[in-house]
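Here is how the chains run, residue by residue.
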Amino acid sequence: MERSELAQLRRRARTRYERSRVRLALTHALLALPPMLLALLVWSRPGLTLVLSALLFAAIGLAVFRGRDAARGATAGVIAGSVPLLGLVLAPHLGHLCSGGFCMSMCVPVCFAGGALAGGYLAWRSIKTPGSAVFWAVAGVIGSVTAAMGCIPMGLGATAGMAAGFAIAAVPGLALARLGGRG
Amino acid sequence: MRPMEREWLSEQMARLADGDRAAFDPLFDRLWPVLTRFAIRLLGDEASGEDAAQQALLNIFARAHEYESGRDALSWALGITHWECRTRRRQRQRNREDCMPAPPERLDLSTDPEREAVARDLEQALHAAVGQLGDTDRDVLLADLRGETVCARPATVRKRRQRAVERLRAAWKVIHGTK
């Protein structure tokens, strides 16, 4: 086979490969659907939910297309972010937390706990299979967007609670992973 | 292929499946000659072998994301190539069957020599009648018989044809004395 024909074959093979990665990315991006449907069912904020869902879809798609740690971070982020989201489905049914004249809705503690669980999960993943900075960045962004679909409609307090819980659980895990020699 | 090379191939394929684009070129360069030799040996000729190897290589890279780490990449790639060669062999067989000459028509044993003689006589009679016509009439009738298009308006062609047939009938009557 002549050089030019071989070069053309190489280009065609590369195009096929990239196309297959696009198809893979689009399939994985459908992971954005369950959180979106859940948020649409529970909260009456369709505009915000659709915007966050579009962001989530694009982020997952890009991460999976890129592959490697980014793709792994995307999957981990969706799983982690789904924990606070699921928690918030239960929160309205848990009533209020009252103590000595002070009362607050369960949404803030639930978001905090959800964020902590999400951060803990990512920390565990990072220790078990050490991830790079790319893994953490992608997992953090995607996890936050997923969790935000549930926490943002509940207000600033709930969102801040989620972020605090995530940081408290994730930071030690990240430090441990780095001490382990990778990250 | 040596075991170390096979291991290297599997590692590169796993990296490519994971999304590491840097593994693409080394894999392509290593796989192409292996698949070509394999396909040529299976199909028996260089041109078909190269075609099959090309298609197999394209399929391998289109399915690279399906490759499971831990599998032997060479076996996987050769499996895809083998399937491609088998498809081409089947196609070749089907083409050979389609191109086989049609069986000879059965002889029409009911041909009647008398009928043949009558047909020959009619043909001669027609030639004699047509020979009496002018050039224009002859050309119109021949063009009609051959299904040729005449460069004239349809109404004009119809009229010319009608006149030619009338004159042919008249000539036939004169020569043969029958309608």
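Rules and cut-offs
Residues numbered from 1 in each chain as written. Chains lettered and ligands numbered in written order. Predicted model: local features only at pLDDT ≥ 70, side-chain atom pairs only at ≥ 80, totals over all residues. Heavy atoms only, no water. Contact = heavy atoms within 4.5 Å. Buried area = accessible area lost by both parts, 1.4 Å probe. Salt bridge = Lys/Arg side-chain N within 4 Å of Asp/Glu carboxyl O. Polar contact = N/O pair within 3.5 Å; in protein donor to acceptor, adjacent residues only side chain to side chain. Helix = DSSP H or I, 4+ residues; strand = E, 2+ residues; numbered from the N terminus. Buried < 20%, exposed > 50% of the residue type's maximum accessible area, 1.4 Å probe, protein only. pLDDT = per-residue confidence, 0-100. 1 Å grid on protein atoms, 1.4 Å probe; cavity = no way out; pocket = protein on both sides within 12 Å on 5 of 7 lines; lining within 4 Å. Points joined across faces, edges and corners; volume = space filled by probe spheres on them. Nonpolar A, V, L, I, M, F, W, Y, C, P; charged D, E, K, R; others polar.

Some remarks on the interface of chain B and chain A
Thought 1: Residue-level contacts link 21 residues of chain B with 18 residues of chain A.
Thought 2: For the pairing of chain B and chain A, the buried interface totals around 1,900 Å² over both sides, and the portion due to carbon and sulfur atoms is 56%.
Thought 3: Our count for the contact surface shared by chain B and chain A stands at five salt bridges.
Thought 4: We note a salt bridge from A:Glu18 to B:Arg21, for which the minimum N-O separation is 2.9 Å.
Thought 5: Across the contact surface, chain B and chain A share ten residue pairs in polar contact (both at pLDDT 80 or more).
Thought 6: Of all the elements in the fold, those that place two or more residues in the side of chain B that touches chain A are helix H1 (3-18), helix H2 (24-43) and helix H3 (46-62) of chain B.

Side note on the pattern of salt bridges
Thought 1: Under the criterion given, the structure shown has 15 salt bridges over all chains.
Thought 2: In this structure, the salt-bridge partner of B:Arg6 is B:Asp72, at a minimum N-O distance of 2.4 Å. Highlighted residues: B:Arg6 in helix H1 and B:Asp72 in the loop between H3 and helix H4 (73-98), separated in sequence by 66 residues.
Thought 3: By relative accessible area, which is 30% here, B:Arg6 ends up partly exposed.
Thought 4: The network of salt bridges with common partners includes A:Arg10, B:Asp25 and B:Asp29.

A closer look at the confidence of the model for chain A
Thought 1: For chain A, per-residue confidence averages 82 on the pLDDT scale, and residues scoring 70 or more make up 93% of the total.
Thought 2: Mean pLDDT in chain A bottoms out at strand E2 (residues 102-105) of chain A, which sits at 69, and peaks at helix H1 (residues 3-29) of chain A, which reaches 95.

What to know about the layout of surface pockets
Thought 1: Empty space within the largest pocket amounts to approximately 250 Å³.
Thought 2: In this structure, the largest pocket is lined by 14 residues; those nearest its centre are A:Arg21, A:Leu24, A:Ala71, B:Ala17 and B:Asp18.
Thought 3: At the level of secondary structure, the elements contributing two or more residues to the lining of the largest pocket comprise H1 and helix H4 (68-90) of chain A together with H1 of chain B.
Thought 4: If you tally residues by element for the lining of the largest pocket, the top one is H4(A), at four residues.
Thought 5: Classifying every residue of the lining of the largest pocket by side-chain character gives six nonpolar, four polar and four charged.
Thought 6: Forming the boundary of the second largest pocket are B:Glu123, B:Leu126, B:His127, B:Val130, B:Leu141, B:Leu142, B:Leu145 and B:Leu168.
Thought 7: Of all the elements in the fold, those that place two or more residues in the lining of the second largest pocket are helix H5 (113-130) and helix H6 (135-146) of chain B.
Thought 8: Top element by residues in the lining of the second largest pocket is H5(B). It accounts for four residues.
Thought 9: Here the lining of the second largest pocket is composed, by residue class, of six nonpolar, one polar and one charged.

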